[in-house]
Amino acid sequence: MSVLVRYGQVPEVGRFNVACDEPLHRDDEVVLRTQRGLELGRMLQNWTPETVADVSTSDRLSQELADLKVVRKANSADHRKHRELRDQCEAEFEAWRERIYEWKLELELIDSERTLDTEQLILYVLNERGPDCTKLSLYAAAGGLGTVTVQPVGSDGIIQLEPVGGCGSGGCGSGGCSH
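Nothing here was measured: the structure is a model prediction, and the numbers come from that model.

K.L.:
What should I look at first to understand the environment of Ala 140 in this one?
P.N.:
Positionally, Ala 140 belongs in helix α3 (residues 131-142). The class for Ala 140 is buried, based on a relative accessible area of 0%. Sequence-wise, Ala 140 and Arg 99 are 41 residues apart; in three dimensions their C-alpha atoms are separated by 9.0 Å. Sequence-distant contacts of Ala 140, that is, excluding residues within four places in its chain, are made with Trp 96, Trp 103, Leu 145, Gly 146 and Val 148.

K.L.:
Sorry, what's going on with the sheet that holds strand β9 (residues 157-158) here?
P.N.:
The pairing of strands in a sheet happens through backbone hydrogen bonds and is either parallel or antiparallel. Within the open sheet, the four strands sit side by side as β6-β7-β8-β9. Their pairing is mixed. The open sheet has two edge strands, β6 (109-114) and β9, and neither has a second partner. Of the pairings in the sheet, the one linking strand β8 (residues 148-154) to β9 comprises two bridges and is antiparallel in character. Among the inter-strand pairings, Val 153 is bridged to a residue of β9, identified as Ile 158. Where helix α2 (residues 76-102) meets the sheet, its contacts fall on β6, β7 (121-126) and β8, and the angle it forms with β6 comes to roughly 135°. Contacts from α3 reach β7 and β8, with the element oriented near 155° to β8.

K.L.:
Looking at this model, I keep getting lost on the packing of aromatic side chains. Mind explaining?
P.N.:
Summed over all chains, the structure comprises two aromatic pairs. Ring centres of Tyr 7 and Phe 16 lie 5.5 Å apart, and the angle between their planes is 85°; on these two criteria the pair is classed as edge-to-face. The burial state of Tyr 7 is the same as that of Phe 16; both residues are buried. Judged by centre distance (5.4 Å) and plane angle (65°), the rings of Trp 103 and Tyr 139 are edge-to-face. Taken together, the residues Trp 103 in the loop between α2 and β6 and Tyr 139 in helix α3 connect sequence positions 36 residues apart. Overall, Tyr 139 belongs to the partly exposed group, its relative accessible area being 35%.

K.L.:
So what exactly am I meant to see when it comes to the environment of Leu 4 here?
P.N.:
By secondary structure assignment, the location of Leu 4 is in strand β1 (residues 2-7). Residue class for Leu 4 comes out partly exposed when judged on its relative accessible area of 28%. Aside from chain neighbours lying at most four places away, what touches Leu 4 is Val 13, Gly 14, Arg 15, Met 43, Leu 44 and Gln 45.

K.L.:
Explain the pattern of salt bridges here, please?
P.N.:
Between side chains of opposite charge, pairing is possible as soon as their charged atoms come close. If you walk through the whole model with that rule in mind, you get 10 salt bridges. In this structure, Arg 42 and Glu 29 form a salt bridge, with 3.5 Å as the shortest nitrogen-oxygen distance. Taken together, the positions of Arg 42 in strand β4 (residues 37-43) and Glu 29 in strand β3 (residues 29-34) put the pair 13 residues apart, joining distant regions of the chain. Residue classification places Arg 42 among the partly exposed positions, given a relative accessible area of 30%. Since its relative accessible area comes to 26%, Glu 29 is described here as partly exposed. Notably, a salt bridge pairs Glu 92 with Arg 114, separated by 3.4 Å at the nearest N-O pair. Remark: Arg 114 occurs in strand β6 and Glu 92 occurs in helix α2; sequence separation between them is 22 residues. Residue Arg 114 is classed as buried on the basis of its relative accessible area, which comes to 18%. Salt bridges sharing partners connect three or more residues here, namely Glu 12, Arg 36 and Glu 39.

Definitions and cut-offs
Per-chain numbering applies: the sequence of each chain, read as written, is numbered from 1 onward. In keeping with the model being predicted, local features are shown solely for residues with a pLDDT of at least 70 and side-chain atom pairs are shown and tallied solely at 80 or more, while totals for entire chains, interfaces and linings include all residues. Only hydrogens and water are set aside when side-chain values are computed; all heavy atoms of the structure are taken into account. Each helix is a run of H or I in the DSSP string that is no shorter than four residues. Each strand is a run of E no shorter than two, and both are numbered from the N terminus. Accessible area is worked out with a 1.4 Å probe on protein chains only. A residue is then buried under 20% of its type maximum, exposed over 50%, and partly exposed in between. We call two residues contacting when some pair of their heavy atoms lies within 4.5 Å. Paired strands, as defined in this entry, are two strands with at least two bridges between them according to DSSP. Axes, fitted as lines to C-alpha atoms, cover a helix only where it is in contact. Angles between the N-to-C directions of the axes lie from 0 to 180 degrees. Two rings from Phe, Tyr or Trp (for Trp, the six-membered ring) form a pair when their centres are within 6.5 Å of each other. A pair whose planes differ by under 30 degrees is stacked, one over 60 is edge-to-face, and the rest are tilted. Here a salt bridge means any side-chain nitrogen of Lys or Arg lying within 4 Å of a carboxyl oxygen belonging to Asp or Glu.

Structure, rendered in structure tokens:
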């Protein structure tokens, strides 16, 4: 069974499989394995091991959720680590704004966060997804600054990647783009 969880400094809602045996309730803070790594999230619905048999998930959805999991209920060590990483991001914020300016990128940094496993830094930028987002990730890697995910944000929230297959809803050649 999958559950809905809100996560991220600029919040997203995602569907996750549950990989722990303890009951989870709405508003419980949980540790998630997302596409970016381990993150802290908040449950949006209740879950108990008994509910697994009640709901079946399609094979396609189950496959999509295979790596997206609620790992456990967050504990005090997780909360402490999250606060430390948040403080670190706040301390580094101006340095990242200066790098973006020096690298002449047309991006406006609005927030940042690190995953709980410290494997990734997520930089939230107020922009459309475009070449400068990719350049920022590449410049950071080339500069030895670690793995950086650049997440564009618009007035409606997180800007998602284009669907697999290319431009628009039908992919290239479908008449939905200029290719």
